[in-house]
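What the coordinates show
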Amino acid sequence: MSTAVAARSFTSDRAALFTESVIREMTRLALRHNAVNLSQGFPDFPSPVDLKQAAMAAIDADYNQYAITWGAKPFRDAIVSRYKRHYGLELDPEREVTVTCGATEGMVASLLATTNPGDEIIVFEPFYENYHPDGIICGATSQMVKLRAPDWTFDREELRRAFSSKTKAIIINTPNNPTGKVFTRDEMTFIAALCQEFDVLAITDEIYEYIIYDGEEHVLMANLPGMRERTITINSMSKTFSVTGWRVGWVIAPPAISDNIRKVHDFLTVGAAAPLQQAGVMALSLSDAYFEGLSAEYDARRHYAVNMLQKAGFGCKAPKGAYYIMTDISAFGAKNDVEFSRFLVTDIGVASVPGSSFYQNAADGAKQVRFCYCKTFETLAAANERLLKLTRG
């Protein structure tokens, strides 16, 4: 006679608290249904020819073994040179720069290096979907502060109330994904003052720094008075150079913090791809005309996408930065964002991202979906043609 043995769970408590990326899932659905993919934020046009040639040349020159764990020296030097040229920020490439496998690894490595279980991190909501799971992985609790449509402003008293003796860090993504918000100098200064008052780190995700419209300004938190020693700056090559698949990013932090980030990074990924770091040296040394031209390049797409979505019945305003549009779907009478997004893919042939994936409480995003417009005009035109089939409920 055998005794039944209860099945043992091999799912960790932390892994049970979040799902896989909804954004990446929508790309898979788009491929399955041959839909126009306006969900995941990657360009469908080529990266710069010179950059691709530099990568091929680096492979041919045998930059194919491990680089120094925290980044090849020429690439770290190029990062330092760019920040000095663009922002007047002086950095030590030996002690303050860590090259990571994209900004995604940079964020989780930074949080693992600086937070303990029970610490709190402040996150603006709607948020880039990785931030909440990152906090769970680190054992930290996320305190959400709302960005309110249509201008995605935050209530300063609400933000102040989110700070406490338990707060270890605040995450600021500017320009922002998914809203396109660009935090103003006044807002950044207000946040900086709270960080100093409560002895809190500012962790800034700045991967869309050059994609800004309407005369807006990208404010570097590390340059604000009193913030140099309490700011972690995260960035990557992905969006600026249209190489999202390369996974080459970096983290800038004061030496003591960088030491810990480097230790975590070492055992997470060892290092970023050596030949692509070598190619990055060329990319970061491009003339100012390249960086300044990004806004104009995307601005035309922004106007096309906003007009397309408004004409189709979506509620939205033109974003101030990045290449996403968060829309209101109330006019269509849909039950919720997930149902509507799947309908868009299967019946209309256009992929978006359900708004709930950017909120801790799914109900807060139930009437929103996000579109991206980092696509060719041919792709946008194809989406436009399909979206005209929508009927309002």
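Below you will find a few notes about this structure. Not measured: the values here are computed from a predicted model.

1. A word on the packing of helix H4 (residues 102–114) against helix H8 (residues 255–269)
The contact between H4 and H8 brings their axes to 8 Å, and the two run at 120°. The pairing of H4 with H8 is recorded here as oblique in orientation. At the point where H4 passes H8, the crossing takes the right-handed sense. Taking contact as the criterion, the partners of Glu-105, Val-108, Ala-109, Ser-110, Leu-112, Ala-113 and Thr-114 in H4 are, on H8, Ile-257, Asn-260, Ile-261, Val-264, His-265, Leu-268 and Thr-269. A class-by-class count of the residues in the contact of H4 with H8 yields eight nonpolar, five polar and one charged.

2. Details of the environment of Pro-126
If you trace the backbone, Pro-126 turns up in the loop between strand S3 (120–125) and helix H5 (131–138). Sequence-wise, Pro-126 and Leu-38 are 88 residues apart; in three dimensions their C-alpha atoms are separated by 18 Å.

3. Looking at a nonpolar patch on the surface
Taken together, the side chains of Leu-112, Ile-137 and Leu-268 define a hydrophobic patch exposed on the protein surface, amounting to about 220 Å² of accessible area. Positionally, Leu-268 belongs in helix H8.

4. Concerning the packing of helix H2 (residues 49–60) against helix H9 (residues 274–284)
Between H2 and H9, the shortest axis-to-axis distance is 8 Å and the interhelical angle comes to 140°. Relative to H9, H2 is oriented oblique. Judged by the sense of rotation from one axis to the other, the crossing of H2 with H9 is right-handed. Note on element contacts: H9 touches H2 through Pro-275, Leu-276, Gln-278, Ala-279, Met-282 and Ala-283, opposite Asp-50, Leu-51, Ala-54, Ala-55, Ala-58 and Ile-59. Looking at the contact of H2 with H9 residue by residue, the class counts come to ten nonpolar, one polar and one charged.

Thresholds applied
- Residues numbered from 1 in each chain as written.
- Predicted model: local features only at pLDDT ≥ 70, side-chain atom pairs only at ≥ 80, totals over all residues.
- Heavy atoms only, no water.
- Axes fitted to C-alpha atoms, helices over the stretch in contact; angles between N-to-C directions.
- Helix = DSSP H or I, 4+ residues; strand = E, 2+ residues; numbered from the N terminus.
- Parallel < 35°, antiparallel > 145°, perpendicular 65-115°, else oblique.
- Left-handed = near helix turned anticlockwise from the far one by under 90°.
- Contact = heavy atoms within 4.5 Å.
- Nonpolar A, V, L, I, M, F, W, Y, C, P; charged D, E, K, R; others polar.
- Patch = residues over 30% accessible without salt bridge, like charges linked within 9 Å, V, L, I, M, F, W, Y side chains within 5 Å.
- Areas by Shrake-Rupley, 256 points an atom, 1.4 Å probe, with all protein chains shown as cover.
- Salt bridge = Lys/Arg side-chain N within 4 Å of Asp/Glu carboxyl O.

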